[in-house]
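Coordinate analysis (summary)
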Amino acid sequence: MSNVPENIIRDMINKAIDARKFAYTPYSNFKVGAALLTKEDEIITGCNIENAAYSPGNCGERTAVFKAVSQGIKDFKGIAIVAGKEGGELEYTSPCGMCRQVLREFVNPEEFIVVMAKSESDYKIMTLEELFPMSFGPDNLR
Ligand code: THU
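Residues numbered from 1 in each chain as written. Predicted model: local features only at pLDDT ≥ 70, side-chain atom pairs only at ≥ 80, totals over all residues. Heavy atoms only, no water.

Our next topic: the overall build of the protein. In terms of helices and strands, the protein carries 4 helices and 5 strands. Relative to the 2.2 N^0.38 estimate, which gives 14 Å for 142 residues, the radius of gyration of the protein is 14 Å and therefore close to what a compact globule would have. Expressed as a percentage of its 142 residues, the buried residues of the protein come to 45%. For the protein, the exposed surface amounts to about 7700 Å²; the carbon and sulfur share of it is 50%. Computed over 16 positive and 20 negative side-chain charges, the inter-centroid distance for the protein is 4 Å. (Helix = DSSP H or I, 4+ residues; strand = E, 2+ residues; numbered from the N terminus. Rg over C-alpha atoms; globule rule 2.2 N^0.38 Å. Buried < 20%, exposed > 50% of the residue type's maximum accessible area, 1.4 Å probe, protein only. Areas by Shrake-Rupley, 256 points an atom, 1.4 Å probe, with all protein chains shown as cover. Lys, Arg positive; Asp, Glu negative; His and termini not counted. Charge placed at Lys NZ, Arg CZ, Asp CG, Glu CD.)

Pasting the structure below:
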């Protein structure tokens with residue numbers, strides 16, 4: 001279905017599960033781990049980081065994108081997301097609207113895959129175009 005092989009998808013999910021352990025979520029207790037796959041098949045992780053003033057908090061997906069871009073990496077193939085309440089089951093979780101827009105800045109939405117996982121063998125895959133059709137992007141400003 002996607003161009004990313006299954007063993008790499010499994011690797012992304014496991015790295016997202018590891019990253020989720022660092023989620024800082026004293027307010028929602030909803031813990032998110034994300035693993036972004038670069039064009040070079042490197043995996044860069046992120047977690048959500050909340051804040052007492054609420055709005056400065058950051059999602060796991062954007063943490064991963066901002067980490068990558070701040071290291072000079074801007075080409076991505078996909079992202080895996082694992083999320084759920086602390087101590088509960090993982091749920092299929094799709095990126096929030098703000099994260100969809102941030103991802104869209106750097107990728108071809110028709111090719112970039114979003115892996116929403118409950119475990120390394122239980123996941124759904126959608127392209128960013130499916131999740132975020134007719135998006136506004138860099139081309140609109142050329
Ligand atoms: N959150 C993410 O990190 N990613 C998502 O895809 C959905 C929501 C975070 C934001 C906040 O820290 C918590 O989950 C509850 O919304």
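On to the state of the cysteines, then. Using the criterion set out here, one finds 0 disulfides in the structure. With no disulfide of its own, Cys59 lies 3.8 Å from the sulfur of Cys99, the closest cysteine sulfur. For Cys59, a relative accessible area of 23% gives the class partly exposed. Looking at Cys96, it has no disulfide partner, and the nearest cysteine sulfur is the one in Cys99, 3.7 Å off. (Disulfide = S-S within 2.5 Å.)

What follows covers helix 3 (residues 97-104). Among the residues making up helix 3, those that are buried are Cys99, Arg100, Val102, Leu103 and Arg104. The elements touched by buried residues of helix 3 are strand 1 (30-38), helix 2 (60-70), strand 3 (76-85) and helix 4 (128-131). (Contact = heavy atoms within 4.5 Å.)

Here we take up a nonpolar patch on the surface. On the surface, a nonpolar cluster with roughly 460 Å² of combined accessible area is contributed by Tyr24, Tyr27, Ile49 and Tyr54. By the element assignment, Tyr54 lies in the loop between strand 2 (43-47) and helix 2. On the basis of relative accessibility, which here comes to 61%, the residue Tyr54 falls in the exposed class. (Patch = residues over 30% accessible without salt bridge, like charges linked within 9 Å, V, L, I, M, F, W, Y side chains within 5 Å. Salt bridge = Lys/Arg side-chain N within 4 Å of Asp/Glu carboxyl O.)

Pairing analysis gives 6 bridges linking strand 4 (residues 113-119) to strand 5 (residues 122-127), with the strands arranged antiparallel. In the sheet register, Met116 faces strand 5, and the bridge partner there is Lys124. Here strand 4 folds back onto strand 5, and the loop between the two strands holds 2 residues. (Pairing = 2+ DSSP bridges.)

The next thing to look at is the sheet that holds strand 3. Pairing within the open sheet is mixed, and its 5 strands lie in the order 2-1-3-4-5. Either end of the sheet is taken by a strand with one partner, and the two such strands are strand 2 and strand 5. With direction set aside, neighbouring strand axes in the sheet form an average angle of 20°. The pairing of strand 3 with strand 4 spans 5 bridges and is classified as parallel. The residue bridging Val82 from the neighbouring strand is Ala117, located in strand 4. (Axes fitted to C-alpha atoms, helices over the stretch in contact; angles between N-to-C directions.)

The environment of the ligand is made up of Ser28, Phe30, Val32, Asn48, Glu50, Cys59, Gly60, Glu61, Thr93, Ser94, Pro95 and Cys96. Here Asn48 contributes a side-chain N or O atom positioned 2.9 Å from an oxygen atom of the ligand. Ser94 places a main-chain nitrogen or oxygen 3.2 Å from an oxygen atom of the ligand. In the complex, 74% of the free accessible area of the ligand, which totals 370 Å², lies under the protein chains. Secondary structure elements with two or more residues in the shell around the ligand: strand 1 and helix 2. In the shell around the ligand, the residues fall into 5 nonpolar, 5 polar and 2 charged. (Near = heavy atom within 4 Å. Polar contact = N/O pair within 3.5 Å; in protein donor to acceptor, adjacent residues only side chain to side chain. Nonpolar A, V, L, I, M, F, W, Y, C, P; charged D, E, K, R; others polar.)

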